[in-house]
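Coordinate analysis (summary)
Letter by letter, the chains look like this.
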Amino acid sequence: MSAKSIPTLGPMEQLIRERIVDECSPTELTIENESHKHRHHAAMRDVTSTETHFRVTVVAEMFSGKNRVARQRLVYSLLKDEMAMEGGIHALTLVTKTPEEYDASLAKTKPSNV
Amino acid sequence: MSVEKAIQLSKENEDELRKALEEKKGQEVVIYFWADWAKECEQVESVIDDLAAKYSQSKFFKVEAEVFEEISEAYDISAVPTVIIAKKSKIVGRVDGVNVAEIVKQVAAACAAANGVEIQPGSAASPAEFKQDLNTRLKGLIERAPVMVFIKGTAAQPRCGFSKKIVGMLNEHSIKYGYFDILTDEQVRQGLKEYSDWPTYPQLYIGGELVGGVDIVAEMIESGELMEMIPEEAVAAAASPVTN
């Protein structure tokens, strides 16, 4: 099993967590730091930050009624400055679901009994 | 004296382009590439007509890109509208997309002297005009194809994992699409983020509307929603199964 997240909780990750919790009141929030996967990419060459790429899964009731574009725009808007700055967030992979959608997706991936 | 017009290239007059380019006099040749399925070309066409009349000593050609494939390939035309400015067999200017201000500027720079027209200093567009021109350009780019994707790199050689993934998904589902490499144009790269209120690339548009980035597209493919949105003309015919 490959390591998916860097053990230390960096300042950027904390910031992402706080903002999303404040705005979305999520029932589930998972933040994975995938920066190490992109470390060698040309675009990252002069970047020393270890917090550049994140995969964020947000499950929140307030997403209901909003289409995917609207949900992601909302999350992006919370991190607008951090995404615009040099050495800030370079990429955000987002999964945005309502609690119902999340439960449904879990049910699909549940292993069936042999 | 008749007003000089831009010459629409045809099989009959094809040779005129070659002659114009090889003329020793070092005449300026402006070549405008277009396609009938790219409606935004109309705007550039009218600009080309105006310029042809203004700079009557220079030669202006209109070339239907898909009909004159060899010429398009020679100039590396991957999208329309594109305007090439040549002088003495050298390319001295190139404008991709509906960038009227840039076309006017580059044609003036190349042709003004020979036509006895003074280049007016400070005739650059005002900030409001520039913004309007940029928005027109972006809209034209977004609507360039029924399915249009803005990526880092080219479809054949994406330069980012997310762009590679989105192109892979489109190819996998036999979707016909146009692409734009945002690494080649900083103005589009930054301008489109603001225009569409979307901070990242890649970006997928269907029928001129933003669908989203790679995450959204992946979800929509899984749910079947994406294929429902793709217009019929953008789905390549399924390959017939090989029977042995």
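Criteria and thresholds
Residues numbered from 1 in each chain as written. Chains lettered and ligands numbered in written order. Predicted model: local features only at pLDDT ≥ 70, side-chain atom pairs only at ≥ 80, totals over all residues. Heavy atoms only, no water. UniProt positions renumbered as here; feature names shortened; annotations may be inferred. Helix = DSSP H or I, 4+ residues; strand = E, 2+ residues; numbered from the N terminus. Contact = heavy atoms within 4.5 Å. Areas by Shrake-Rupley, 256 points an atom, 1.4 Å probe, with all protein chains shown as cover. Core = buried A, V, L, I, M, F, W, Y, C linked by side-chain atoms within 4.5 Å. Buried < 20%, exposed > 50% of the residue type's maximum accessible area, 1.4 Å probe, protein only. Phe/Tyr/Trp six-rings, centres within 6.5 Å; stacked < 30°, edge-to-face > 60°. Buried area = accessible area lost by both parts, 1.4 Å probe. Salt bridge = Lys/Arg side-chain N within 4 Å of Asp/Glu carboxyl O. Polar contact = N/O pair within 3.5 Å; in protein donor to acceptor, adjacent residues only side chain to side chain. Nonpolar A, V, L, I, M, F, W, Y, C, P; charged D, E, K, R; others polar. Pairing = 2+ DSSP bridges. Axes fitted to C-alpha atoms, helices over the stretch in contact; angles between N-to-C directions. Parallel < 35°, antiparallel > 145°, perpendicular 65-115°, else oblique. Left-handed = near helix turned anticlockwise from the far one by under 90°.

The name that an unreviewed UniProt entry assigns to chain B is Glutaredoxin, with the source organism given as Coemansia thaxteri.

Under an unreviewed UniProt entry, chain A has the name BolA domain UV induced protein Uvi31 and belongs to Coemansia thaxteri. Checking UniProt for chain A, the heading Sequence similarities (unreviewed entry) contains the comment "Belongs to the BolA/IbaG family."

A few points about the overall build of chain B
Helices and strands together make up the secondary structure of chain B, namely 9 helices and 9 strands. A sequence separation of at least 24 residues applies to 68% of the contacts in chain B between residues at least 6 apart. Accessible area of chain B: about 13,300 Å², with a carbon and sulfur share of 49%.

Some points on unusual backbone geometry
All names here are of chain B. Of note, the amide linkage connecting V80 to P81 takes the cis form, showing an omega dihedral of 0 degrees. Its location among the elements puts P81 in the loop between α3 (69–74) and β4 (82–87). A cis amide bond links Y201 with the next residue in sequence, P202, at an omega value of 10 degrees. Here S174, not a glycine, exhibits a phi torsion of approximately 50 degrees, which is positive. Here S174 shows up in the loop between α6 (161–172) and β7 (178–181).

Let's talk about the nonpolar core
V56 of chain A together with F150, L204 and L226 of chain B are the most contacted members of the largest nonpolar core, which totals 55 residues. Sequence-distant contacts of V56 of chain A, defined by excluding residues within four places in its chain, comprise I16, I20, L29, T30, I31, L92, T93, L94 and V95 of chain A. Counting 42 residues, the second largest nonpolar core, distinct from the first, contains V47, A52, V83 and I103 of chain B.

With respect to the packing of aromatic side chains
All names here are of chain B. Applying the stated criterion across every chain, the model contains 4 aromatic pairs over all chains. Between the aromatic rings of F150 and Y205, the centroid separation amounts to 5.5 Å while the plane-to-plane angle is 80 degrees, which identifies the pairing as edge-to-face. One end of the pair, F150, is in strand β6 (residues 147–151); the other, Y205, is in strand β8 (residues 203–206), with 55 residues separating them in the sequence. In this pair, the class of F150 matches that of Y205, namely buried. Chaining the aromatic ring pairs together yields one cluster made of F150, F180 and Y205.

Points about the interface of chain B and chain A
On the chain A side, the residues contacting the 17 residues of chain B number 17 residues. For the pair chain B and chain A, the two sides together bury roughly 1,300 Å², of which 53% comes from carbon and sulfur. For the interface between chain B and chain A, the tally reads 3 salt bridges. E219 of chain B is the partner of R68 of chain A in a salt bridge, and the nearest nitrogen-oxygen pair spans 2.9 Å. At the surface where chain B touches chain A, the tally comes to 6 residue pairs in polar contact (both at pLDDT 80 or more). Where the side of chain B that touches chain A is concerned, the elements lending two or more residues are β9 (209–212) and α8 (214–223) of chain B. Per element, the largest residue contribution to the side of chain B that touches chain A is 6 residues, and it comes from α8 of chain B. Class assignment for the residues of the side of chain B that touches chain A results in 7 nonpolar, 4 polar and 6 charged.

Let's talk about the side chain of E82 of chain A
Along the chain, the position of E82 of chain A falls in helix α4 (residues 80–84). Filtering out sequence-adjacent residues up to four positions away, E82 of chain A remains in contact with M12, L15, R19, G88 and I89 of chain A.

Focus: the pattern of salt bridges
For the structure on display, the rule yields 14 salt bridges over all chains. For R68 of chain A, the salt bridge is made with E225 of chain B, and the minimal N-O distance between the two is 2.8 Å. In this pair, R68 of chain A is assigned in helix α3 (residues 68–78) and E225 of chain B in helix α9 (residues 225–229), connecting two distinct chains. Accessibility expressed as a relative area gives 18% for R68 of chain A, which makes it buried. Owing to a relative accessible area of 33%, E225 of chain B belongs among the partly exposed residues under this scheme. In this structure, R73 of chain A engages D197 of chain B in a salt bridge whose closest nitrogen and oxygen atoms are separated by 3.6 Å. In this pair, R73 of chain A is assigned in helix α3 and D197 of chain B in the loop between α7 (186–196) and β8, connecting two distinct chains. Of the residues examined, R73 of chain A reaches a relative accessible area of 29% and is grouped as partly exposed. The structure contains a network of salt bridges with shared partners spanning R68 of chain A together with E219 and E225 of chain B.

Here's the deal with the sheet that holds strand β1 (residues 28–33) of chain A
Residue and element names in this part refer to chain A. One open sheet accounts for 3 strands, arranged β1-β2-β3; its pairing is mixed. Two strands in the sheet have a free side with no partner beyond their single neighbour: β1 and β3 (91–97). The mean inter-strand angle of the sheet, taken between neighbouring strand axes irrespective of direction, is 10 degrees. Bridge analysis of strand β2 (residues 53–59) against β3 gives 7 bridges, and the strand direction is parallel. Bridge pairing in β3 places R55 opposite T93.

So, the packing of helix α1 (residues 11–24) of chain A against α3 of chain A
All names here are of chain A. Their axes nearest at 9 Å, the elements α1 and α3 cross at an angle of 130 degrees. Taken together, the axes of α1 and α3 lie oblique to each other. Taken as a pair, α1 and α3 cross one another with a handedness that is right-handed. Residues R19, I20, E23 and C24 of α1 touch α3, and the partners they reach there are L74, V75 and L78. Grouping the constituent residues of the contact of α1 with α3 by class yields 5 nonpolar, no polar and 2 charged.

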